[in-house]
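# Structural overview for review
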Amino acid sequence: MHLIVGLGNPGEEYAHTRHNAGFEVIDLLAGELRVSYWKSECGALTGKTAYRGEDIVLAKPQSYMNASGGPVKQLAAAYGATPDDIVVIHDELDIDPGTIRVKFGGGLAGHNGLKSIAEKLQTKDWARVRIGIGRPPGRMPVVDWVLGTPRKEAWDDFQQAAHLGSQAVLYFLEHGLAKTQQEYN
């Protein structure tokens, strides 16, 4: 089985912000995989399905970003998922808007959601689909950038990256990490 976790903040005021890129990808995956029923469990909204004969749990933690690790740890325990079974989808400042990168393990790039997950799982070793949001312009504070909603052409880039992210997750499930990196990085 695979636990596919999209990071974001709950609540309408955060919907469609850059920081909710993970939620955007999970919603696209839910549409692609025809997940229509969401259940509240372990501090997350979950949708269950299968893809190519493998059980899949899509998850959107309902804690705030900085506390995402709690729900991820609880879901992993509930479903018997190891870190190797987990894919985390998140926004990434150091990647250009409209693009994605796929990796396994590595640094946390100052991302508080990833820090929380690493702390709770006691490892940094899980697959990641990183959705590029770029750096804020000028002297705009990072928090204002990540909690802002992209406008006009930036919205198109954001949606393109979310779409690429959803396709990369499906490709990863079918072909594994190395081939997914070759295809999408």
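The shown structure was predicted, so the numbers you read here are calculated from the model rather than taken from an experiment.

## Here's the deal with the UniProt feature "active site" (unreviewed entry) in the chain
Mapped onto this structure's residue numbering, the UniProt feature "active site" (unreviewed entry) falls at H19. With respect to the helices and strands, the residue H19 is situated in the loop between β1 (2-6) and α1 (21-32). A relative accessible area of 13% places H19 in the buried class. If sequence neighbours within four positions are ignored, H19 has contacts with L7, G8, N9, M65, D91, H111, V146 and L147.

## Concerning the pattern of salt bridges
Working definition: two side chains of opposite charge can pair if their charged atoms are close together. Taken as a whole, this structure holds six salt bridges when the rule is applied. Among the salt bridges present, the one from K39 reaches E41, with a minimum N-O distance of 4.0 Å. Across the pair E41 and K48 runs a salt bridge, and its minimum N-O distance is 3.4 Å. Connected via shared salt-bridge partners are K39, E41 and K48.

## So, the pairing of β1
Taking burial as the measure, the five residues of β1 include five buried ones, the bulk of the element. Neither face of β1 is exposed, since H2, I4 and G6 on one face and L3 and V5 on the opposite face are all buried. Relative to strand β4 (residues 54-61), β1 is paired through four bridges, and the arrangement is parallel. Within β4, the residue paired with V5 across the bridge is A59. Where β1 and strand β5 (residues 86-92) come together, four bridges link them in parallel fashion. In the strand pairing of β5, I4 is matched with V87.

## Observations concerning the UniProt feature "binding site: tRNA" (unreviewed entry) in the chain
The positions that UniProt labels "binding site: tRNA" (unreviewed entry) are, in the present scheme, Y14, Y64, N66 and N112. If you trace the backbone, Y14 turns up in the loop between β1 and α1. Apart from the residues within four sequence positions on either side, Y14 is in contact with N9, N20, Y64 and L147. Locating N112 in the fold gives a position in helix α3 (residues 112-121). Assessed through its relative accessible area of 37%, N112 is described here as partly exposed. Sequence-distant contacts of N112, that is, excluding residues within four places in its chain, are made with M65 and N66.

## A closer look at the sheet that holds β1
Ordered by their spatial adjacency, seven strands build an open sheet running β2-β3-β4-β1-β5-β7-β6, and the pairing between neighbours is mixed. Looking along the sheet, the strands with just one partner apiece sit at the ends: β2 (39-41) and β6 (100-104). In this sheet, adjacent strand axes meet at a mean angle of 25° when their direction is disregarded.

Parameters at a glance
Residues numbered from 1 in each chain as written. Predicted model: local features only at pLDDT ≥ 70, side-chain atom pairs only at ≥ 80, totals over all residues. Heavy atoms only, no water. UniProt positions renumbered as here; feature names shortened; annotations may be inferred. Helix = DSSP H or I, 4+ residues; strand = E, 2+ residues; numbered from the N terminus. Buried < 20%, exposed > 50% of the residue type's maximum accessible area, 1.4 Å probe, protein only. Contact = heavy atoms within 4.5 Å. Salt bridge = Lys/Arg side-chain N within 4 Å of Asp/Glu carboxyl O. Pairing = 2+ DSSP bridges. Axes fitted to C-alpha atoms, helices over the stretch in contact; angles between N-to-C directions.

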